[in-house]
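Architecture at a glance
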Amino acid sequence: MPGPLNGFRVIDLTTMISGPLATMTLADQGAEVIKIEHPRGGDHSRQVTGRRGGFSASFLNNNRGKKSVTLNLKDPRGVAAALRLCQTADVFVQNFRPGVAERIGLGEVAVRAVRPDIIYTSIAGFGFQGDWAGKPVYDPLIQALSGLASVQGGADAARPRLVRTILPDKLTAIQTAQSITAALLARSRTGQGSHVQISMLDTVLAFLWSSDMAGYTFIGDEVTPEKSADAQTFVELIYQTADGWMAVSAHTDSTWAGLAAAVNRPDWLDDPRFATVAAREENKPARLELTQEALLTDTTANWMERLGAHDVPCAPVLTRAEVYAHPQVTANGIILEQDHPQAGPLRQARTPARFSATPTDRPAPARRLGEDTRAVLAEAGYPEPEIDAMIAQGVATDTQDPTA
């Protein structure tokens, strides 16, 4: 059964991660997504390492469920074809540097001229105004400028550290997909399209502010650097056991009492340093040290039983090789396995949202570069001789050799 976005058409000019993951989310939820790529090579993520059957894992994991059309957008005929596809589209998404879409003839004004009520979506790195707007951007730069690397380091004076995944890219993708659906909802009420602008910097700062910027929320009462979060705050919850690692969270009075019982340390409940939530925060280093000492005395599996018996929140730390086969992951049906015509059997995570009224179909795997060019252009009204000419002259390409 088609998903909740069935019937909506998305023109996707994005590359790499943030844009493609956003539009893949829309495709997973039922939208028809037409991905327009350059005839020579396509999305850069097609070329990265970790490949099989002509496909990279990165491309497969961010572009399933989309149609692939190749158009040379430096050629006026390629731009004209893209605009023709926009005539029947509901959403247009691009993540060029600010100003590039306008220069090539696919800015908001040009696209809205052919589809007035379209949801035009722009994704940027550092934003759309200011001296940094036109700078090249990659995930680590956003982690640095947003303060995320400082937060991850644990204290203002500590060595900044990167989150070991491209969180700004992926978080921006989620925010973009949500914002597009909100804009579509607004259009259904007003009949008017809108321009959705999302930047990675905006997204990460909003993300941090909900939990990591409390000391800078009250104007005039900002925390001093020496009182900013200490590094131990950020190692809390992960502890070493006799045979591995696990996460344990005992913040409330009841869970702290449960932890004390599980590790057979009833004296902790009489210790004034740990008598209240505030006291346990003030004496965090001592609390963490005592907890760590206790958990080193037994295995992760045994602690899972002992802590679970006292309703203390806990979980084993799984490696990437372990996580997809964990019983809870299996119970949730999170991992999909399907065969790709060229890349072979694949394992991927399903879209997280599930809709009871309009359940989503199993998504189609990512397509070969230009696999849908001919069919999509024909549907848009191009006669076959003109399509042949565009392909012969390099404006577009037909399906390429899957092993290329």
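All right, on to the pairing of strand β6 (residues 91-94) then. Here β6 shows a buried face lined by Val 91 and Val 93 and a second buried face lined by Phe 92 and Gln 94. Pairing between strand β1 (residues 9-12) and β6: 3 bridges, direction parallel. Within β6, the position partnered with Asp 12 by the bridge is Val 93.

Turning to the nonpolar core, a few remarks are in order. Ile 11, Ile 36, Leu 71, Phe 92, Leu 106 and Val 111 are the most contacted members of the largest nonpolar core, which totals 27 residues. Those elements that place two or more of their residues in this core are β2 (32-37), α3 (76-86), α16 (373-379) and α17 (384-392). When residues in this core are grouped by element, the largest group, 6 residues, is from α3. Sequence-distant contacts of Ile 36, that is, excluding residues within four places in its chain, are made with Ile 11, Asp 12, Leu 13, Val 69, Leu 71, Ala 82 and Leu 85. Membership of the second largest hydrophobic core comes to 18 residues, among which are Met 246, Ala 262, Phe 274 and Ala 294.

Here we come to the packing of aromatic side chains. If you walk through the whole model with that rule in mind, you get 5 aromatic pairs. Taking the centre distance of 6.4 Å and the plane angle of 40° together, the rings of Phe 55 and Phe 59 count as tilted. By relative accessible area, Phe 55 is classed as buried at 3%. Among the aromatic residues, ring-to-ring pairing joins Trp 256, Trp 268 and Phe 274 into one connected group. Over the ring of Tyr 382 we find Arg 84, and its NZ or CZ is 3.9 Å from the ring centre. Positioned above the aromatic ring of Trp 132 is the side chain of Lys 135, whose terminal nitrogen or guanidinium carbon lies 5.1 Å from the ring centre.

Turning our attention to the packing of helix α8 (residues 167-190) against helix α9 (residues 200-209). The contact between α8 and α9 brings their axes to 9 Å, and the two run at 90°. Considered as vectors, α8 and α9 are oriented roughly perpendicular to each other. Only Met 200, Thr 203, Val 204 and Phe 207 of α9 make contact with α8, whose side of the interface consists of Leu 167, Pro 168, Asp 169, Leu 171, Thr 172 and Gln 175. Partitioning the contact of α8 with α9 into residue classes produces 6 nonpolar, 3 polar and 1 charged.

This structure, assessed with the given rule, holds 2 cavities of 30 Å³ or more. Looking at the largest cavity, its volume works out to about 50 Å³. Considering the residues around the largest cavity, the lining is formed by 10 residues, among which Tyr 239, Val 248, Ala 250, Leu 259 and Arg 287 are closest to the centre. Among the elements of the structure, α10 (253-262) and α12 (284-295) are those that each provide at least two residues to the lining of the largest cavity. For the lining of the largest cavity, the per-class residue count stands at 6 nonpolar, 2 polar and 2 charged. Approximately 30 Å³ is the volume attributed to the second largest cavity. Lining the second largest cavity, in full, are Lys 35, Glu 37, Arg 46, Phe 59, Asn 63, Lys 66, Lys 67, Ser 68 and Arg 367. Put simply, the parts of the chain that give the lining of the second largest cavity at least two residues each are β2 and β5 (66-70). With 3 residues, the top contributor of residues to the lining of the second largest cavity is β5.

Reading guide: rules and limits
- Residues numbered from 1 in each chain as written.
- Predicted model: local features only at pLDDT ≥ 70, side-chain atom pairs only at ≥ 80, totals over all residues.
- Heavy atoms only, no water.
- Buried < 20%, exposed > 50% of the residue type's maximum accessible area, 1.4 Å probe, protein only.
- Helix = DSSP H or I, 4+ residues; strand = E, 2+ residues; numbered from the N terminus.
- Pairing = 2+ DSSP bridges.
- Core = buried A, V, L, I, M, F, W, Y, C linked by side-chain atoms within 4.5 Å.
- Contact = heavy atoms within 4.5 Å.
- Phe/Tyr/Trp six-rings, centres within 6.5 Å; stacked < 30°, edge-to-face > 60°.
- Lys NZ or Arg CZ within 6 Å of the ring centre and 35° of its normal.
- Axes fitted to C-alpha atoms, helices over the stretch in contact; angles between N-to-C directions.
- Parallel < 35°, antiparallel > 145°, perpendicular 65-115°, else oblique.
- Nonpolar A, V, L, I, M, F, W, Y, C, P; charged D, E, K, R; others polar.
- 1 Å grid on protein atoms, 1.4 Å probe; cavity = no way out; pocket = protein on both sides within 12 Å on 5 of 7 lines; lining within 4 Å.
- Points joined across faces, edges and corners; volume = space filled by probe spheres on them.

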